[in-house]
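Chain by chain, the residues:
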Amino acid sequence: MSDDAAPDLRASDADRERVAEVLRDALAEGRLDMEEFEQRLEAAWTARTYGELAPLTRDLPAAGGAAPAPVSFAKAPDNGGWGSRITGRAGSSTGAVAILSGFQRKGRWTVPKRFSCLALMGGGEIDLRDADFADREVEIHCVAVMGGVQIVVPPGVEVVVRGVGVMGAFEHPREDGPPEPGAPRVVVGGFAFWGGVGVERKLPRAQRQRLKEQRRRERLERREARHELHRARERRDGEP
């Protein structure tokens with residue numbers, strides 16, 4: 001990793017692909033055996049930060065190089081494009097009510113500075129993965145009575161849960177590292193009685209599909225690499 005990239009910054013798909021390319025070259029040149037290649041490749045595709053990626057290529061030369069040259073990552077001051085998603089405009093929806101019914105807020109919409117919702121013997125879903133934000137900090141105020149609200153946030157967004165549950169609960173999301181630079185802060189508050197408010201982290205659908213396709217290609221490439229290694233060994237063993 002280069003000196004201009006902090007190790008705790010989150011890595012992108014392009015960063016992972018650059019590491020995978022160096023690993024494939026190292027396998028083809030005999031610097032890695034198949035078992036170590038697969039271990040490092042799996043670690044590359046599951047890495048979340050530059051600090052997790054850097055050790056995977058630290059002892060390998062760059063393509064065509066003679067000396068070790070770890071993969072360099074460009075520092076992105078606005079990782080994830082958050083600057084364009086914090087609009088400063090009014091929210092496209094300021095609240096929702098579900099009484100013996102349900103509601104959804106998902107897709108491309110603008111989260112206001114304060115969004116209020118009520119779920120009374122009903123349920124609601126608030127999906128922020130593709131949303132824009134009216135401000136760098138927004139509040140989602142939920143009241144759930146014998147009902148529930150599920151909030152979905154993308155990785156990198158800071159979430160603070162301040163709600164109170166009475167025979168109910170406000171669930172905290174799993175932490176997946178420090179917030180991304182420039183990402184919004186979401187404060188979840190309110191009251192749950194015989195109900196619940198949950199917060200979970202999920203990748204945006206397009207990114208999940210892209211990662212799924214990349215992993216499929218990697219499986220095919222690993223299979224072809226095994227076959228090539230097997231053919232090379234057969235050629236070597238057959239030489240006089």
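Residues numbered from 1 in each chain as written. Predicted model: local features only at pLDDT ≥ 70, side-chain atom pairs only at ≥ 80, totals over all residues. Heavy atoms only, no water.

### Brief notes about the overall build of the protein chain
On a plain count of helices and strands, the protein chain comes out with 5 helices and 13 strands. Out of the 240 residues in the protein chain, the part that is buried amounts to 41%. Pairs at least 24 residues apart make up 68% of the contacts formed inside the protein chain by residues separated by at least 6 positions. Taken as a whole, the protein chain presents about 12600 Å² of accessible surface, with 52% of it coming from carbon and sulfur. (Helix = DSSP H or I, 4+ residues; strand = E, 2+ residues; numbered from the N terminus. Buried < 20%, exposed > 50% of the residue type's maximum accessible area, 1.4 Å probe, protein only. Contact = heavy atoms within 4.5 Å. Areas by Shrake-Rupley, 256 points an atom, 1.4 Å probe, with all protein chains shown as cover.)

### Here we look at the nonpolar core
Burial of nonpolar side chains together is a common tendency in soluble globular proteins. Counting 31 residues, the largest nonpolar core has Ile126, Leu128, Val149, Ile151 and Val188 as the members making the most contacts within it. Among the elements of the structure, β1 (95-99), β4 (114-120), β7 (137-145), β8 (148-153), β9 (158-161), β12 (185-193) and β13 (196-201) are those that each provide at least two residues to this core. A per-element tally of this core places β7 first, with 4 residues. Setting aside its immediate chain neighbours within four residues, Ile151 contacts Ile126, Leu128, Ile140, Cys142, Val188, Val197, Gly198, Val199 and Glu200. If you look at the next biggest cluster of nonpolar residues, it comprises 20 residues, including Leu9, Ala26, Met34 and Tyr50. (Core = buried A, V, L, I, M, F, W, Y, C linked by side-chain atoms within 4.5 Å.)

### Focus on the side chain of Arg40
Along the chain, Arg40 falls in helix α2 (residues 34-46). On the basis of relative accessibility, which here comes to 11%, the residue Arg40 falls in the buried class. Side chain to side chain, Arg40 and Asp59 meet in a polar contact 2.9 Å long. Leave out the neighbours within four places in its chain, and Arg40 touches Leu23, Leu32, Leu56, Asp59 and Leu60. (Polar contact = N/O pair within 3.5 Å; in protein donor to acceptor, adjacent residues only side chain to side chain.)

### Overview of the pattern of salt bridges
Considering all chains together, one arrives at 14 salt bridges under this definition. For Glu139, the salt bridge is made with Arg114, and the minimal N-O distance between the two is 3.0 Å. Of the two residues, Glu139 is situated in strand β7 and Arg114 in strand β4; the sequence distance between them amounts to 25 residues. Glu139 sits in the partly exposed class, given a relative accessible area of 27%. Overall, the relative accessible area of 41% leaves Arg114 in the partly exposed class. The residue Arg185 makes a salt bridge to Glu137 at a minimum N-O spacing of 2.7 Å. Of the two residues, Arg185 is situated in strand β12 and Glu137 in strand β7; the sequence distance between them amounts to 48 residues. You can call Arg185 partly exposed: its relative accessible area is 24%. (Salt bridge = Lys/Arg side-chain N within 4 Å of Asp/Glu carboxyl O.)

### Focus: a nonpolar patch on the surface
On the surface, Val97, Ile99, Leu100, Met121, Met146, Val164, Val166, Met167, Phe191 and Trp194 cluster together to form a nonpolar patch covering roughly 980 Å² of accessible area. If you list the elements that add at least two residues to the nonpolar patch, you get β1 and β10 (164-166). Inspection of the secondary structure puts Val97 in strand β1. (Patch = residues over 30% accessible without salt bridge, like charges linked within 9 Å, V, L, I, M, F, W, Y side chains within 5 Å.)

### Topic: the packing of helix α1 (residues 13-28) against α2
Geometry of a packed helix pair, given as the angle between the helix axes and the separation of the axes. Between α1 and α2, the least distance of the axes is 9 Å, while the angle of their chain directions is 175 degrees. The angle between α1 and α2 places the two elements in the roughly antiparallel class. Side by side, α1 and α2 meet where Asp13, Arg16, Glu17, Val19, Ala20, Leu23, Arg24 and Leu27 of the first sit next to Met34, Phe37, Arg40, Leu41, Ala44 and Trp45 of the second. Grouping the amino acids of the contact of α1 with α2 by side-chain chemistry returns 9 nonpolar, no polar and 5 charged. (Axes fitted to C-alpha atoms, helices over the stretch in contact; angles between N-to-C directions. Parallel < 35°, antiparallel > 145°, perpendicular 65-115°, else oblique. Nonpolar A, V, L, I, M, F, W, Y, C, P; charged D, E, K, R; others polar.)

Any functional reading would require information that these geometric values do not contain.
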